Amino acid sequence: MFFQKPLSLFMHKPRKRFGQHFLHDQNIIHRMIDTLSPTSSDVIIEIGPGKGALTFSLLMQHPNLIAIEIDRDLVERLMRMTKSYSNFTLIQSDVLNFDFSTLPPNQKIIGNLPYNISTPLLFHLLEYKNSIRELIFMLQKEVVERMCAEVNTPDYGRLSIMLQRDFEIESLFDVPNTAFDPPPQVESAVVRLMPKSATKLLDYTLFSDIVREAFQYRRKTLRHALGRFFSEADLEKNGISSKSRPAELTLHDFEKLANYLVTEQRHV
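A brief report on the enclosed structure follows. (Residues numbered from 1 in each chain as written. Predicted model: local features only at pLDDT ≥ 70, side-chain atom pairs only at ≥ 80, totals over all residues. Heavy atoms only, no water.)

Observations concerning the environment of I136
With respect to the helices and strands, I136 occurs in strand β6 (residues 132-140). Given the relative accessible area of 0%, I136 is considered buried. Residues I136 and L201 lie 65 residues apart in sequence; the distance between their C-alpha atoms is 27 Å. Each residue touching I136, except ones within four places of it in the same chain, is listed here: M32, T35, L36, I109, I110, G111, L172, V190, V191 and R192. (Helix = DSSP H or I, 4+ residues; strand = E, 2+ residues; numbered from the N terminus. Buried < 20%, exposed > 50% of the residue type's maximum accessible area, 1.4 Å probe, protein only. Contact = heavy atoms within 4.5 Å.)

Structure follows, in structure tokens:
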């Protein structure tokens, strides 16, 4: 049986500046938690518990749960309603500035992410990839499609490359806007990210800079998009046509180019 949240917890007015759309569909909640498969020994981190739709259902399965919430009003209410749970820790913080290394390692993270911060949050979590065991997120469907996109497709870009380098990404199921209060104007989807071994990079920051630069000019040829880093001869030496466009390059291509600059001792 799932915990019945008190009416007072439902009286909170959604705040646009926090991108609040509260999940209330129990079927979706069950599917997300079933996907995460929490056990009593797991330490689960929930991002943006909101009114507690996922929170209380997770606590009924007795994992050690840590939740991070920015809204002070929601934090106060959740604190009052969870006083009897010794296995629950609630942190009032902006998750975009939160240091996940301060929490136990081997993290399983779940959340209905505010759409207005979802992309910067995914990049923020990349900084803590070595501490992450699994991510289960509700996101704007368009963002999930970009995360999963294949090379040389319209959705393929910086987000695709940076996440696919370190995670196996699987779009699990779509979610109708009626599952939220208030209903968002966009479609949603649930996605799973599982860490994987990545190719060795000699300079990760340089790799990231090259990818960012390339997709700032995704409509240009590489001769122009990456001219700050590479000559046409450099690109040809790596088996890449200077007439190609950024979306035609694979993850391996970007890794190879970044390592090439380091071995040539040409840091830009």
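Now that the structure has been shown, the text picks up again.
Some remarks on the pattern of salt bridges
Under the counting rule described, the total for this entry stands at 12 salt bridges. Residue D166 is joined to K129 by a salt bridge in which the shortest nitrogen-to-oxygen separation is 3.4 Å. Of this pair, D166 sits in helix α6 (residues 158-166) while K129 sits in the loop between α4 (118-126) and β6, and the two are 37 residues apart along the sequence. Residue D166 is classed as buried on the basis of its relative accessible area, which comes to 8%. The salt bridge partner of E213 is R228, with a shortest N-O separation of 3.3 Å. Of this pair, E213 sits in helix α7 (residues 204-216) while R228 sits in the loop between α8 (222-225) and α9 (232-237); the two residues are 15 residues apart in sequence, bridging distant segments of the chain. Judged by its relative accessible area of 48%, R228 is partly exposed. Here the residues in one salt-bridge network are D42, K108, R133, E134, E170 and R192, joined through shared partners. (Salt bridge = Lys/Arg side-chain N within 4 Å of Asp/Glu carboxyl O.)

Examining unusual backbone geometry
Even without being glycine, S37 reaches a positive phi, approximately 50°. Inspection of the secondary structure puts S37 in the loop between α1 (26-36) and β2 (43-47). Positive phi outside glycine occurs at N106, with the angle close to 60°. One can find N106 in the loop between β4 (88-92) and β5 (107-112). Overall, the relative accessible area of 47% leaves N106 in the partly exposed class.

Side note on α7
In this model α7 runs 18 Å from its N-terminal to its C-terminal C-alpha over 13 residues, within 8% of the 18 Å that 1.5 Å per residue would give. Listing the buried residues of α7 in full gives L206, F207, S208, I210, V211, E213, A214 and F215. On the buried face of α7, the contacting elements are α6, α8 and α10 (251-263). Backbone nitrogen of T205 and a side-chain oxygen of the N-cap are separated by 3.2 Å at the start of α7; the cap is D203. (Expected span 1.5 Å × (residues − 1). Polar contact = N/O pair within 3.5 Å; in protein donor to acceptor, adjacent residues only side chain to side chain.)

A word on the nonpolar core
Counting residues in each nonpolar core, the largest one holds 55 residues, and the members touching the most others are F100 and F137. Those residues within four positions of F100 in sequence are excluded, and the remaining contacts are I45, I47, I68, V95, Q107, I109, H124, L125 and Y128. With 28 residues, the next largest nonpolar core counts I33, V75, L90 and A179 among its residues. (Core = buried A, V, L, I, M, F, W, Y, C linked by side-chain atoms within 4.5 Å.)

Examining the environment of E232
Locating E232 in the fold gives a position in helix α9. Of the residues examined, E232 reaches a relative accessible area of 39% and is grouped as partly exposed. Counting along the chain gives 10 residues from E232 to L222, while the straight-line C-alpha distance between them is 8.5 Å.

Remarks on the packing of α7 against α10
α10 packs onto α7 with a crossing angle of 125° between their chain directions and a minimal axis gap of 9 Å. Relative to α10, the element α7 is oriented oblique. α10 is crossed by α7, and the crossing has right-handed handedness. Mapping the contact onto sequence places L206, F207, I210, V211, A214 and F215 in α7 and L251, F254, E255, A258, L261 and V262 in α10. (Axes fitted to C-alpha atoms, helices over the stretch in contact; angles between N-to-C directions. Parallel < 35°, antiparallel > 145°, perpendicular 65-115°, else oblique. Left-handed = near helix turned anticlockwise from the far one by under 90°.)

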